[in-house]
Each structure stands twice: as C-alpha cells, then as structure tokens.
Amino acid sequence: MDSCEVVHRRNADVPVVRSRMSDQVETYSRILDLGKVISLLEDPLTTHLQERHIFVLKKLLKRKQQGFLLRELASITRIINVCGEKAKMHPEYCRILCEALNISRLPFLKEKMSDEVHYAEDVRRFLSRMGYLMTVPDSQVRRQVVVSVKSFYSCSAPSQASLDDPQPTSPGYRLQLLERSDLAKTLFLSIAALEREPAVKLLLLQTLQMLSSTSDMNCALMLSVRGAESVCLRMNEPDASGMILFHSTEILWNLLERGNRAEAAGQLNSLECATSLKEAFTRAVLNSSRQADLQVRNDLLVLTTLFAENSSALLIESLFAKQLVALSTFPELASRDSLAGRLKLTFNMEDLQMKKLLLNLLVVMSRDSAAIPIFKEEQVILALLTLAKPPAPAPVGKVGYRDWSPVQVEELQLQALAVLATVSPLMLDHYTSCYGNVELLHLLDWCAREDGYRGQGHSFHATGGRGSKKAHLRYSIRLMRSVTSLADAALNQDLCDQGTIHLLLGLLMEMESDPGEEDAFAVEMKSDMQMIISALCKGDVHKKELFGAEGVEMTVHFLRRGARMFYSGLGHNKLLLSSLVCLRTCVVGCFTTEDCFLAQDGALVLLDLLNSSPRNLHGVVLATLLELCDNQNTIPHVLIWSDGDGVTAPGLLLRLWRREEEELGIERNQHGGILDPRQPVLAHRISSDDQLMSNLDTASPSVLEMQENLLAKIYLIFYRIGFHDLPGLSIKDRVTLSIVKRYLDFKVSELWEEITRELQLEDVRPVTPDLEILHAARYMSQRAAEAAVAEQEEILRRSARDAGREEELMYREMKSHWKQRQLRAKSWSNFVSRTSHYDVLREIKEKREKHVEAIRTQLPHAKEVGQHPEEVYLGRLLVEARSRARGGVKLKVLQTPVMAAAHQEAMRAPREPDYFNAVSAKAVSQSLGKIAK
C-alpha cells in the first residue's frame with residue numbers, strides 16, 4: 001500500500017447518513033448542465049445543428065416539468081432568447097418555446113429562503129423576455145405567451161412530494177416583479193401585430209384587462225405608450241362576438257381610474273377618439289339584446305362623461321353631444337334623432353342607469369357654453385320639468401302598460417331637480433317660457449301636503465329623505481335658490497306675486513317647530529329658504545313689507561339661537577349667516593319692519609349675538625347693527641343693553657376695539673392709551689419702499705385696512721350713538737373712547753403720510769403751497785394726537801382723584817359706624833344703671849320733672865315773641881322746628897333730665913360735623929329712641 005494513499009474504512013453495521021437536499025442538488029447539477037446547453041446553441045461550430053438542439057432542449061424541459069429553479073432563470077432566459085431568434089427562421093423551435101412558456105406558468109422554485117431576494121433581477125428579466133416573444137411570427141407562441149401571463153393570476157403550484165424538494169415561491173412574488181418589468185408595455189404594443197389573429201387578440205385584451213385592473217404600475221406602463229388612445233381607436237374593429245368592445249371599455253376604465261387620469265384624458269383629447277366613442281356607443285345602443293351589451297353601453301357613457309370633463313368641445317364637433325342630449329330627453333319628449341327613435345327601453349335597472357348617466361352628462365356638458373344652443377334646441381328644460389313633476393298613479397285598466405317603477409320615478413325626479421338647479425340659470429329665458437316657476441311652486445305645494453307619500457330613499461339624491469318628501473323639498477328649494485340668485489327682476493317678481501315669501505316663511509316655521517332631530521339636510525334647507533327670501537326682498541320696500549311681522553319673528557327666532565352651534569359641522573354657521581343676510585335685506589331699510597324688529601328686542605338679540613359669537617362673525621354683526629342704527633329708535637335699545645356681568649353696549653364695543661388693536665399689532669400702554677403720538681392708530685405694517693411702489697396703482701393701504709378690520713365699523717356706531725354720557729364705562733374704556741373719537745382724524749393723517757411717502761419714492765417735489773399743506777396736515781395730526789394724549793392723562797388724573805375721594809369717604813363712614821357703636825354701648829350702660837339702681841332712677845326722674853317745668857315756662861315766652869311752638873315727640877325725643885327764614889325742617893336731640901350722667905356727658909361732648917351727614921336721619925332717630933327708653 002502506498003503511504004500516500006488514504007484508506008477510508010467504515011463499519012458495515014453503521015449506515016451512512018447523507019443530506020437528501022445535497023444529493024438532490026448534486027443530481028440537478030449532474031444532469032442539467034445549462035452552460036453546455038447554451039454553448040451548444042451559441043457556438044458557431046454547433047449553431048446549425050437544429051436536430052441536436054431540439055433533442056437536448058426537449059430533454060432539458062422534460063426534467064423541468066415541476067417548474068424552473070430561481071438560480072437557473074438567468075440561463076433559461078438566455079436559452080429562450082436564442083430559441084426566439086432561431087424560431088423566426090426555423091419553425092421547429094416554436095414547439096420548444098411553447099413548452100418552455102407552458103412550464104413558466106408554474107411558480108418558480110426556490111432552494112433557499114433567500115433565493116427570492118437574491119434572484120429577483122433574474123426573474124424580472126425572464127418576465128420581460130416573455131413579452132418580447134410576441135415578436136415571433138407564430139400564432140401558437142403568441143397564444144402561449146398570453147395564456148402563460150394570464151395564468152399568473154390563477155395557476156397554483158403542484159403538490160410537492162417532500163419538504164426536502166425545492167419549494168414554490170410565494171403567490172404574490174411573481175406579480176410584484178411583473179410590475180417592475182416591461183411585460184405589460186410589451187404586450188400592449190403587440191396588439192398591432194395581431195390584426196389577422198382575432199382569437200389571440202381577444203385573449204390578449206382579456207389579459208391586459210386583468211393586468212390593468214390589479215396594478216397601478218401596469219396602468220402607468222400602458223399609458224407610457226399611449227395606451228388609452230390606442231384602445232379607444234381600436235375598440236370598433238370588426239368582432240362577431242362583441243367582446244373586443246367589452247374588454248376595450250374595461251381597459252379604458254381601468255386606465256382612467258387606476259392610472260394618471262390627467263394623462264389618460266389627454267390621450268383621449270382628440271376628434272378621432274370622440275368619433276370612435278360615438279360609433280361604439282351607437283353600436284352598443286342598437287345591439288342591446290343581452291345584459292352584457294347593456295353594461296357595455298352604460299360603461300361607454302361613463303367613459304364619455306370622463307371624456308367630456310376635459311374636452312366637451314370635441315363632443316360637440318363630432319355631433320356626439322347632440323345625440324346624447326336627444327337621448328337624455330327620451331321618452332319624456334318625442335325626439336327627431338334617429339338613434340333615439342330606434343332606442344327601445346325595457347325600464348329595467350340598466351335602462352335606469354343609462355337615464356341617470358345621460359342626466360349627469362347634461363351637467364358636465366353645461367360647463368361649456370357651446371352646448372347651451374343644443375340644450376335649447378332639444379328642449380332640455382321642458383324634458384327636465386316633465387320628469388320632475390310629482391309622481392302620478394299608473395293608469396288603471398291599460399293593458400300592457402310599462403313605465404318606470406315608483407322607486408325609479410323617485411330617483412329620476414330627484415336627479416332631474418338637481419340637473420335643473422345647474423342648467424336653469426344658464427337658460428333662464430327657456431325656464432321662464434316653460435313656466436318653471438309655476439311647476440316649481442306646484443312641486444313645493446305637493447311637498448308640503450300630507451298625502452301618504454313615502455320616499456324610498458335609496459339613491460344618492462334621496463339621502464336623508466327615506467319615508468318622507470324631505471329629499472324632494474330639499475332639491476326644489478335648491479332649484480329656487482339657483483334661479484333667484486341671478487337677481488332677475490321679472491322672475492323674482494313673478495315668484496313674489498304667487499306668494500312665495502309667505503309659503504317659504506310657513507315652511508321655515510313648520511320645520512323649526514318639528515320636534516324631530518335637526519340634521520344637516522334640514523339646516524341646509526332652512527339656510528336656502530332664508531337666502532331665497534333675501535334675494536326676493538333685496539332693494540324693494542314693498543317686498544320688505546310683505547315680509548312683515550311674520551318674517552321678523554322668524555329672523556329674531558333664529559338670531560336668538562346664537563352661535564353656540566356655530567362649529568357643530570351640521571351647517572349652523574351658514575344658517576346663522578343667512579339669518580343675518582335676511583335681516584339686512586328684508587328688515588333694514590323699511591321703517592315698518594325695523595320698528596317691528598325693535599319691538600321684539602331685536603337690537604338686544606343682535607348685541608347678545610355680538611357678545612357670544614366668534615371673531616370671524618363680528619364684522620357681519622357690526623355691519624348689520626350699523627345699518628340698523630340709521631333708525632333713531634335703535635339707539636335707546638343699544639344704550640340699555642347689558643350682559644350678565646354688567647357690561648354695556650359701549651363697553652362691549654370698546655372691548656372689541658382693543659381686541660382688534662391687539663390683532664393689528666397696535667401698541668398701547670397699560671391703561672390703553674396712545675404710546676406713540678406719531679402713530680396713534682397705525683400698526684407695524686409700514687411696507688417697504690419696493691412694496692409701496694408695486695401698490696401705487698391699487699387703493700391706499702389705509703383705506704383697504706378700514707375695509708378689512710372692525711375699527712371703522714365701531715367708530716361709525718359710536719358716531720350714531722354719541723361719544724358723551726355713555727353708561728357703564730370703566731377708566732380704560734374712557735381712555736379707549738378718546739382714541740375712537742379721533743379715529744377719522746388719525747386715518748386722514750395716515751393718508752397724508754402715504755401721499756408724502758409716495759411723492760418721495762417717485763422723486764417728486766411738490767410746489768411750495770402744496771408742501772405747506774403737507775406740513776400743515778402733519779402738524780394738525782400731531783396736534784390731534786397730543787390732544788388725545790392730554791385727554792387721556794386728564795382722565796387718569798380725574799380717576800385718581802375720584803378714587804382718593806371715595807377712599808376718604810369710605811374711611812369716614814367706617815369712623816361714623818364706630819361712633820354709633822360707642823353710643824349704643826353707652827345707651828345700654830345708661831339703661832342698665834336706671835333699671836338696676838333705685839337711686840339713679842329717682843335722680844333721673846327729678847331731673848326730668850325739672851326739665852319739663854323749664855319747658856313749660858319757656859312756652860309763654862315763645863308765644864309772645866311770635867315763634868311757632870315746638871312739637872315734642874316723646875317716643876323719639878325729636879323736635880321739629882319750623883323756621884321762617886329757610887322754610888325747612890330741623891331735627892335736634894331733645895336733652896331730657898331723665899338721662900344718666902354718663903349719657904349726659906357724652907351728649908355734651910363736641911360732635912363730629914360730618915357724623916350726621918354720613919348717618920341717615922332714620923338711623924339717628926332710631927338710636928335716639930333707644931336712648932330715650
């Protein structure tokens with residue numbers, strides 16, 4: 001034995017354990033040497049050996065019946081590429097390609113979990129190469145390519161014999177990589193090569209429909225080669241089955257829905273595409289015997305609607321618009337259009353869908369003014385008014401009568417009303433000639449009448465109206481608002497003559513009294529009705545008188561609700577704004593309605609709303625209050641208002657003024673006074689020179705500011721109510737009022753400053769008289785600001801003096817109360833001494849008798865002198881002395897001898913001169929009565 005030879009020994013009893021996976025890999029590597037196969041196909045020495053190629057390739061594919069390994073896909077792709085090139089000259093390779101494509105239907109196999117990530121680029125290239133096989137001039141190869149790609153969405157992996165075998169990839173792995181390849185684009189480009197292969201072309205359209213319906217990236221790839229235009233132009237090719245039109249319609253819909261809609265619409269924006277759509281729709285209408293044909297017809301209408309949103313003019317040029325408008329008026333009106341005459345309705349759900357799509361198409365086409373003459377020619381308004389009439393019962397005893405069902409009638413009626421709200425303002429003359437107001441008022445009367453009608457509420461327009469006529473009422477009111485908002489005098493007068501104002505007021509209050517829950521639709525209807533009434537009454541005193549007390553009561557009612565629901569999201573903000581608009585247009589300007597509004601405390605309600613409303617509503621409320629203040633009867637109502645905290649209307653307005661100054665950035669001192677006399681009401685908004693030069697052609701910034709903020713409105717309200725003797729003002733309010741009083745002067749000075757700056761920027765020197773005027777204006781504005789500052793300082797000094805005086809008076813009152821308590825204590829001590837000591841009581845009695853005797857001796861002497869006798873009140877010890885000189889009454893304390901010694905000393909002591917001024921006469925008499933007891 002050679003020493004270098006290694007001898008391997010093993011025990012015969014111990015079995016050898018090998019990895020099954022490693023054996024499998026060895027087997028695959030030994031049997032399937034793909035590199036040799038590629039060399040056989042590409043080597044110049046063996047490239048002409050077709051029989052040898054076919055034999056080897058068949059043997060190779062026979063080993064791959066379970067699927068291709070991921071690590072082999074790069075080689076398989078190379079082999080398929082070579083076979084595809086050879087198949088163009090040698091058809092024998094087509095069978096090999098078909099077999100390889102058939103195997104590619106199966107999921108790819110992975111040996112490791114990381115193979116999916118590691119070989120992702122190889123999979124992408126393989127899928128791209130599959131698409132390029134569509135260039136092989138063989139019908140079977142093309143068909144097999146399409147079938148294989150289609151099977152990606154349905155084919156499942158075969159069952160594996162063991163877990164040790166290579167496992168299939170995840171279901172979505174191949175579809176994700178298909179999106180990253182250019183397979184969808186390549187397949188789409190191959191449509192042109194299948195003109196003589198209708199079966200393969202139909203199969204390809206089915207596959208493209210599947211690709212476009214499941215992936216946005218596939219749609220983008222198709223659009224990159226102008227897929228929308230290509231499909232639209234080819235949808236009318238001859239096809240006995242009719243499925244080409246069906247699949248083309250689905251592909252177009254997917255491209256518009258899942259792809260870039262703007263790009264797809266741009267590709268369809270051509271007269272050729274419009275003509276193709278017209279031909280396809282005509283063919284679908286005439287061949288509507290099957291359910292699928294009816295669906296294709298409706299799908300084409302959807303595509304036409306999307307087409308019209310971008311290029312409705314092309315529909316008009318291709319005469320497609322005229323055909324569609326004629327169909328939309330059928331069967332309500334007899335049409336002269338040949339297609340409408342050949343249309344047979346069966347009144348099923350597909351026909352209802354077509355009718356609704358045609359009505360919706362009217363709204364889309366109405367955006368182009370060129371379509372209005374077509375609408376007038378086909379009498380669209382008359383057809384819509386006929387369709388919007390209240391539903392009538394089906395004729396009794398009429399055999400074979402067929403018409404829309406009640407549910408369908410409700411849907412069409414509501415949609416017709418919605419279309420009328422858009423189309424009628426564009427054709428107001430036709431609306432008037434068709435007696436649109438009469439029909440509309442009949443419909444409103446039917447909505448307000450109780451006749452047992454119960455709405456189905458299934459359609460979009462019937463939302464919120466199930467079991468009632470609320471949806472009909474909602475769209476009727478919306479239609480009336482759209483026609484009245486044009487301010488046509490004849491149309492609005494016609495509505496007023498037919499009692500529309502009182503009808504709407506009755507509906508408003510009836511809806512408001514309904515105890516049901518208020519939803520967004522009810523709030524919308526109330527707001528719309530108020531806007532209609534405002535449009536009818538605007539600028540006409542007679543119509544405002546028709547509005548009357550009932551309308552004023554309605555307006556006050558909605559204003560009393562306040563702004564607590566302003567941000568509820570149900571539309572209460574619009575309702576509140578419409579109530580304010582109704583107040584300005586229907587109440588203000590007519591003395592009758594204004595007095596009625598004031599009699600119902602409307603001005604107070606308006607101020608309550610101003611106090612509680614958010615800031616973005618203050619401008620509207622102040623503007624309304626300002627217009628109302630033109631009536632002198634409003635001013636007393638404004639002055640007597642106060643909120644729960646005692647804030648009066650002037651105080652509220654001044655508080656809003658200070659808040660607005662904070663928003664504008666105007667600086668004030670701690671008392672609200674002017675901080676810089678050179679800029680009394682000017683915020684930090686002085687524009688730079690370049691900005692000012694760019695705004696020279698526009699209005700002055702100072703003037704624009706008066707329109708944007710609340711300061712001008714507050715100033716004008718104070719101008720109405722006055723600047724003096726205003727109730728409930730604090731010191732800060734008075735300081736602010738001194739600024740408000742000079743607001744107009746300050747704004748004039750700002751305008752002069754802007755004029756000066758503009759002249760400087762334009763390098764213009766005024767003549768000497770004008771320059772003197774500018775200096776004088778600046779001097780006058782400075783004087784006005786200094787006067788305001790002086791007035792504010794005087795207000796602060798006066799308030800300080802008043803505060804000191806009030807404080808001194810308070811201390812005096814406290815001192816007098818303390819003296820009174822001491823007198824009460826001494827009086828009580830005197831009473832105790834009289835009741836507890838007999839000697840003291842006897843002494844007091846003797847003094848009282850002496851005092852009475854002294855009075856009796858003084859009475860005759862007083863009569864001789866001519867004085868009036870003094871009336872003695874023993875209970876209170878008060879003496880009423882009538883004086884001729886002053887003619888008044890004088891009260892003094894009667895000193896009786898029955899008082900105790902301590903109390904007599906207190907009475908003889910000097911008194912405070914202000915004591916009896918601070919204490920009321922009643923309090924003095926009560927205290928003296930206790931002393932007498």
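Residues numbered from 1 in each chain as written. Predicted model: local features only at pLDDT ≥ 70, side-chain atom pairs only at ≥ 80, totals over all residues. Heavy atoms only, no water.

Student: Looking at this structure, how should I read the overall build of the protein?
Tutor: The number of helices and strands found in the protein is 46 helices and five strands. A buried classification covers 45% of the 933 residues belonging to the protein. Within the protein, contacts between residues separated by at least 24 positions form 75% of all contacts whose residues are at least 6 apart in sequence. With the model as given, the accessible surface of the protein reaches about 49300 Å², and the carbon-plus-sulfur share is 53%. (Helix = DSSP H or I, 4+ residues; strand = E, 2+ residues; numbered from the N terminus. Buried < 20%, exposed > 50% of the residue type's maximum accessible area, 1.4 Å probe, protein only. Contact = heavy atoms within 4.5 Å. Areas by Shrake-Rupley, 256 points an atom, 1.4 Å probe, with all protein chains shown as cover.)

Student: For this particular structure, what's the right way to read empty space enclosed by the protein?
Tutor: Taking a probe equal in size to a water molecule and rolling it over the atoms shows the remaining empty space. The full count for this structure, using the stated rule, is five cavities of 30 Å³ or more. In terms of lining residues, the largest cavity is bounded by Leu57, Leu60, Leu61, Phe68, Ile76, Ile79, Ile80, Cys83, Ile96, Leu97 and Ala100. In terms of residues, the lining of the largest cavity owes the most to one element, helix H4 (residues 73–87), which gives four residues. When grouped by side-chain class, the residues that make up the lining of the largest cavity number eleven nonpolar, no polar and no charged. Of the pockets and cavities examined, the second largest cavity occupies roughly 60 Å³. Lining the second largest cavity are Phe188, Ile191, Lys201, Leu205, Ser230, Val231, Arg234, Ile244 and Ser248. Of all the elements, helix H13 (residues 227–234) adds the most residues to the lining of the second largest cavity, at three residues. Taken together, the residues of the lining of the second largest cavity break down into five nonpolar, two polar and two charged. (1 Å grid on protein atoms, 1.4 Å probe; cavity = no way out; pocket = protein on both sides within 12 Å on 5 of 7 lines; lining within 4 Å. Points joined across faces, edges and corners; volume = space filled by probe spheres on them. Nonpolar A, V, L, I, M, F, W, Y, C, P; charged D, E, K, R; others polar.)

Student: Help me understand the nonpolar core, please; the structure alone is not making it clear to me.
Tutor: The nonpolar side chains of a soluble globular protein tend to be buried with one another. Counting 230 residues, the largest nonpolar core has Leu300, Phe375, Phe547 and Phe718 as the members making the most contacts within it. Sorting elements by how many residues they give to this core places helix H17 (residues 291–317) first, with eleven residues. (Core = buried A, V, L, I, M, F, W, Y, C linked by side-chain atoms within 4.5 Å.)

Student: Mind showing me how you'd approach the packing of aromatic side chains here?
Tutor: For any pair of aromatic rings, the description consists of the separation of the ring centres together with the inter-plane angle of the planes. Inspection of every chain in the model, using the stated rule, returns twelve aromatic pairs. When the ring of Phe347 is compared with that of Trp404, the centres are 4.8 Å apart and the planes differ by 90 degrees; the resulting orientation is edge-to-face. Here Phe347 is found in the loop between helix H19 (338–342) and helix H20 (349–365), whereas its partner Trp404 is found in the loop between helix H22 (380–387) and helix H23 (406–423), with 57 residues between them in sequence. Trp404 shares its class with Phe347; the two are buried. Seen from their ring centres, Phe566 and Tyr567 are 5.1 Å apart, and the 85 degrees between their planes marks the pair as edge-to-face. We classify Tyr567 as exposed; its relative accessible area is 64%. A network of ring pairs unites the aromatic residues Trp657, Tyr715, Phe718, Tyr719, Phe723 and Tyr743 as a single cluster. (Phe/Tyr/Trp six-rings, centres within 6.5 Å; stacked < 30°, edge-to-face > 60°.)

Student: What should I look at first to understand helix H41 (residues 743–761) in this one?
Tutor: Residues lying three or four places apart along an α-helix face the same way, a consequence of the helix completing one turn every 3.6 residues. In a regular helix each residue adds 1.5 Å, so 19 residues correspond to 27 Å; H41 covers 27 Å between its end C-alpha atoms and thus fits that length. Buried within H41 are the following residues: Tyr743, Phe746, Lys747, Ser749, Glu750, Glu754 and Thr756. Against helix H36 (649–664), helix H38 (701–708), helix H39 (711–721), helix H40 (731–741) and helix H42 (768–836) lie the buried residues of H41. Once H41 finishes, Asp763 follows within two positions and takes phi at roughly 60 degrees, a positive value. (Expected span 1.5 Å × (residues − 1).)

Student: Just checking my understanding: could you explain the pattern of salt bridges for this structure?
Tutor: Oppositely charged side chains are able to pair whenever their charged atoms sit close together. Within the structure shown, the criterion is met by 40 salt bridges. For the salt bridge of Lys322 with Glu378, the shortest nitrogen-to-oxygen distance reads 3.2 Å. Placement of Lys322 in helix H18 (residues 320–328) and of Glu378 in the loop between helix H21 (372–377) and H22 is noted, with a sequence separation of 56 residues between them. Classification of Lys322 by relative accessible area gives partly exposed; the value is 30%. For Lys747, the salt bridge is made with Glu750, and the minimal N-O distance between the two is 3.2 Å. Of this pair, Lys747 and Glu750 both sit in helix H41, separated by three residues, roughly a single helical turn. The same class applies to Lys747 and to Glu750, which are both buried. (Salt bridge = Lys/Arg side-chain N within 4 Å of Asp/Glu carboxyl O.)

Student: Would you explain a nonpolar patch on the surface in this entry?
Tutor: The grouping of Leu744, Val748, Trp752, Ile755 and Ile773 at the surface amounts to a nonpolar patch, some 400 Å² of accessible area in total. Broken down by element, the nonpolar patch gets its largest block of residues, four residues, from H41. The class of Val748 is partly exposed, set by a relative accessible area of 37%. (Patch = residues over 30% accessible without salt bridge, like charges linked within 9 Å, V, L, I, M, F, W, Y side chains within 5 Å.)

Student: What am I meant to see in a positive patch on the surface here?
Tutor: A surface patch of positive charge is lined by Arg52, Lys59, Lys62 and Arg63. Structurally, Lys59 is set in helix H3 (residues 50–62). Owing to a relative accessible area of 46%, Lys59 belongs among the partly exposed residues under this scheme. (Lys, Arg positive; Asp, Glu negative; His and termini not counted. Charge placed at Lys NZ, Arg CZ, Asp CG, Glu CD.)

Student: Help me understand the packing of helix H12 (residues 216–224) against helix H14 (residues 243–258) in this model?
Tutor: Two numbers describe a pair of packed helices, the interaxial angle and the distance between the axes. It is the contact of H12 with H14, at a shortest axis distance of 9 Å, that shows an interaxial angle of 110 degrees. Judged by the inter-axis angle, H12 sits roughly perpendicular to H14. For the pair H12 and H14, contact is made by Asp216, Cys219, Met222 and Leu223 and by Asn254, Leu255 and Arg258, respectively. When grouped by side-chain class, the residues that make up the contact of H12 with H14 number four nonpolar, one polar and two charged. (Axes fitted to C-alpha atoms, helices over the stretch in contact; angles between N-to-C directions. Parallel < 35°, antiparallel > 145°, perpendicular 65-115°, else oblique.)

Student: Just checking my understanding: could you explain the environment of Thr304 for this structure?
Tutor: Inspection of the secondary structure assignment puts Thr304 in helix H17. If we ignore the near neighbours within four places in the chain, the residues touching Thr304 are Leu315, Phe320, Leu324 and Leu361.

Student: I'm lost on the packing of H18 against H20 in this one. Help?
Tutor: In contact at an axis separation of 9 Å, H18 and H20 are set at 130 degrees when each is read in the N-to-C sense. Accordingly, the angle class assigned to the pair H18 and H20 is oblique. Crossing hand, H18 versus H20: left-handed. Of H20, the residues touching H18 (which contributes Ala321, Leu324, Val325, Leu327 and Ser328) are Lys355, Leu358, Leu359, Leu361, Leu362 and Met365. Looking at the contact of H18 with H20 residue by residue, the class counts come to nine nonpolar, one polar and one charged. (Left-handed = near helix turned anticlockwise from the far one by under 90°.)

Student: Got a minute to help me understand the state of the cysteines in this structure?
Tutor: All chains considered together, the criterion is met by zero disulfides. Residue Cys537 stays outside any disulfide, its sulfur separated by 3.8 Å from that of Cys586, the closest cysteine. Take Cys537: its relative accessible area is 0%, and that puts it in the buried class. (Disulfide = S-S within 2.5 Å.)

Student: Just checking my understanding: could you explain unusual backbone geometry for this structure?
Tutor: In most cases, non-glycine residues show a negative phi, while peptide bonds are predominantly trans. The amide bond that connects Phe330 to the next residue, Pro331, takes the cis arrangement and shows omega of 5 degrees. With respect to the helices, strands and loops of the structure, Pro331 is situated in the loop between H18 and H19. Positive phi values are uncommon outside glycine, yet Arg226 reaches one of about 55 degrees. Within the secondary structure layout, Arg226 lies in the loop between H12 and H13. What makes Arg226 partly exposed here is its relative accessible area of 42%. Even without being a glycine, Phe347 presents a positive backbone phi close to 60 degrees.

The values are spatial; any link to function lies outside them.
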